[in-house]
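# Close look at the chain arrangement
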Amino acid sequence: MINAKINGIPVQVAEGTTILDAARKVDVKIPTLCYNDDLEPWAACGICVVKSQGSAKMLRACCTPIDEGMSIITHDPDIVQTRKTVIELILSTHPDDCLACPRNQECELQRLAAEFGIREQPFPKMLRDIPIDDSTGSLILNPEKCIRCGRCVKVCQEMQNVWAIEFLGRGEKTRIAPAADVKLGEGPCIKCGQCSAHCPVGAIYENDQTGLVWDALMKEGAEAKTCVVQIAPAVRVALGEAFGLAPGTNLTRKIYTALRRLGFDVVFDTNFAADLTIMEEGTEFVKRFAAGEGALPLITSCCPAWVDYLEKYNGDMIPNFSTAKSPQQMMGAMIKTYWAQKAGIDPAKVYSVSIMPCTAKKFENARDRTMYSSGQKDVDVTLTTRELARMIKQAGIDLLNLPESDPDSPMGPNTGAGVIFGATGGVMEAALRTAYTLITGEELRDVNFTGVRGLSGIKEASIHIKGTEVRVAVAHQMGNIAQVLEMVRKAKAEGKETPWHFVEVMACRGGCIGGGGQPYGCTDEVRKMRIRGIYDADEASEYRCSHHNPLIKQIYSAFLEKPGSHKAHELLHTSYEARDLYLK
Ligand code: SF4
Ligand code: SF4
Ligand code: SF4
Ligand code: FES
């Protein structure tokens, strides 16, 4: 252990701890900008400077380990002036249009400028006139606002292993740009939105589509449509953060009320469609595992960023991919077929909105023709958690004091298996809960598969079903999947048995609770709290297995016939094709 002092306060930390983390341990905050808890520090901005007593040299706290006996000064007039100059220099190349910026009031640069009392800008303004890139439909890249902190590049390259963005140019001309200087939507970008979740300013942000939804909600007379909304599992445990609540606070039943107050006619819960996904994917697994029909391991397909990554980077694995659509798209298809039919409404007069933790879902809803299985676009618009928070605030809805309510039937009631889709390992756990019963005809005594929970990048577990060991793996954060796929490929090439029978993949760290459209400021601590909220909801559920959902059973007998039926395939399944990284 290292013994040192921060502003005279004794601190004991493990060897290798940075000055920044040592200071945090004694509740001293050192400002940071390029640093982010998810990333290795790379000391680009210089705002975190501190001094070691007896030396005039400034050290960058985010990347300098604290040494035995060091006495660190984090704040003196010299240090504060240096930090102020760093901010002023950044502001000299940054537009001053905060009022109209998508990050207004949520911007780390704006907050620092306010904290440091910046009133004047002493350096000449040198703005860069670079066009906005809105080519993905999911994200907007505005390089003019970029402060060159490098977080997005590190996220995209190191965490996600996608390499869709990079710095181009030199010196003052350095700019953030899609790789190879194409449009973002024409390159390898998988729309995961992790760059937007990590950008400290308004240089990369979600494509805000709240205007489209407001228009639909406000329409009257012949133009009006029945507005139907669904909310995803992960939204409920994160939305509260935009209203000052702790991560993990579960607002499910207040969100239903808020959605009705926004003007939605019908409120469904995507958890229900997650149960449907399990019935379809579980059946697919049983076919492959027990009947030997199809490639193993079966790989989950409910994350659209992962689907995009697989098609672009791993086309050879398509035979292993589940054909089941994501819960968002299953719900969309069911809204415009089963529900519209039951309600006696022309599907063309239904406006279907999804609230997701995810920017990639905006891309998914028009991914290919199978997303129009009702004959219409199954999900008209996807909003992220951040956009929903904005709408609730715009409408003057006091979310925290709203009465609670229930979702509409028949596609509202859901199970604990549906809600855990929001966390890494959740899809696998939900699938195992049902696959066990589908294969054995018996019920599990303990439905908790704790081995697939938590934030380890790759998790493995096994379960014995009828004397056979089912081996599963779970990977989250796109950069972790290569290792899993390489092991599968190696086994195939050597003619050996597959290392796993079932693999779950989610593009975002922590799964959807850490999605690119969730409230800003996500760290592993926040992820853990959101995950806790998800599993608490599971434990509190009346039913914890998808096949126990009484309304799922009803929908199969009244409409879909049986899991994996021809009709289920028409509405609830999709197909894939290998794609080039770059559009020609
Ligand atoms: S959305 Fe994901 S893949 Fe695309 S640039 Fe951002 S981090 Fe990279
Ligand atoms: S786009 Fe944002 S995250 Fe990326 S370098 Fe610029 S300011 Fe940093
Ligand atoms: S893990 Fe979830 S939030 Fe992230 S891209 Fe996939 S579906 Fe979207
Ligand atoms: S936060 Fe340490 S150099 Fe940027």
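Note that the coordinates shown come from a computational prediction; the quantities given were computed from them, not determined experimentally. (Residues numbered from 1 in each chain as written. Chains lettered and ligands numbered in written order. Predicted model: local features only at pLDDT ≥ 70, side-chain atom pairs only at ≥ 80, totals over all residues.)

### So, the site of ligand 3
- Residues in contact with ligand 3 amount to 15 residues; listed here are only the nearest, C303, C358, C508, C512 and G515.
- Elements that contribute at least two residues to the shell around ligand 3 include exactly α9 (304–313) and α11 (360–364).
- A per-element tally of the shell around ligand 3 places α9 first, with 3 residues.
- Of the residues that constitute the shell around ligand 3, the class distribution is 12 nonpolar, 2 polar and 1 charged. (Near = placed C-beta within 6 Å. Helix = DSSP H or I, 4+ residues; strand = E, 2+ residues; numbered from the N terminus. Nonpolar A, V, L, I, M, F, W, Y, C, P; charged D, E, K, R; others polar.)

### Focus on the sheet that holds strand β15 (residues 458–465)
- Taken in spatial order, the 4 strands make up an open sheet running β12-β17-β16-β15, and their pairing is mixed. Of all the strands in the sheet, the pair left with one neighbour each is β12 (298–299) and β15.
- For β12 and strand β17 (residues 502–506), the ladder comprises 2 bridges, and the chain directions are parallel. Looking across to β17, one finds that L298 is bridged to F502. (Pairing = 2+ DSSP bridges.)

### Concerning the site of ligand 1
- Around ligand 1, the structure places 14 residues, and the nearest of them are C156, A164, C189, C192 and C195.
- Listing elements by their share of the shell around ligand 1, those giving two or more residues are α4 (151–159) and α5 (194–198).
- For the shell around ligand 1, the per-class residue count stands at 10 nonpolar, 3 polar and 1 charged.

### Structural notes on the domain arrangement of the chain
- In terms of domains, the chain is made up of domain 1 (2–75), domain 2 (120–204) and domain 3 (212–572).
- Its C-alpha centre places domain 1 at a distance of 28 Å from the equivalent point of domain 2.
- Taken together, the contacts link 8 residues of domain 1 with 8 residues of domain 2.
- Partitioned by chemical class, the residues of the side of domain 1 that touches domain 2 number 6 nonpolar, 1 polar and 1 charged. (Domains from an automatic or database assignment. Contact = placed C-beta atoms within 7 Å.)

### Description of the packing of helix α8 (residues 270–290) against helix α10 (residues 327–343)
- Contact geometry for α8 and α10: axes closest at 8 Å, N-to-C directions at 100°. On the basis of their axis angle, the class for α8 and α10 is roughly perpendicular. Between α8 and α10, the residues in contact are T270, A273, A274, L276 and T277 and P327, Q328, M330, M331 and M334, respectively.
- Considering only residue class, the contact of α8 with α10 consists of 7 nonpolar, 3 polar and no charged. (Axes fitted to C-alpha atoms, helices over the stretch in contact; angles between N-to-C directions. Parallel < 35°, antiparallel > 145°, perpendicular 65-115°, else oblique.)

### Notes on the packing of α8 against helix α14 (residues 426–440)
- α14 packs onto α8 with a crossing angle of 55° between their chain directions and a minimal axis gap of 9 Å. Judged by the inter-axis angle, α8 sits oblique to α14. As for the relative orientation of α8 and α14, their crossing is right-handed in sense. On α14, the residues touching A274, I278, M279, E281, G282, T283, F285, V286 and A290 of α8 are A430, A431, T434, A435, L438 and I439.
- When its residues are assigned to classes, the contact of α8 with α14 shows 11 nonpolar, 3 polar and 1 charged. (Left-handed = near helix turned anticlockwise from the far one by under 90°.)

### A short note on the sheet that holds strand β11 (residues 266–269)
- Reading across the sheet, the 4 strands line up as β11-β10-β13-β14 and stay open at both edges, with parallel pairing between neighbours. What marks the edges here is a single partner per strand, and that holds for β11 and β14 (381–384). Within the sheet, the average angular offset between the axes of one strand and its neighbour, ignoring direction, is 25°.
- Summarising the sheet, strand β10 (residues 226–231) and strand β13 (residues 350–356) pair through 6 bridges and their orientation is parallel. Bridge assignment links I231 to a residue of β13, and that residue is I355.
- Against the sheet, helix α12 (residues 385–394) touches β13 and β14, its axis set at about 85° to β14.

### With respect to the environment of F285
- Looking at where F285 falls in the secondary structure, it is placed in helix α8.
- Linking F285 and S322, residues 37 residues apart in sequence, is a C-alpha distance of 8.4 Å.
- If we ignore the near neighbours within four places in the chain, the residues touching F285 are L298, A431, A435 and F502.

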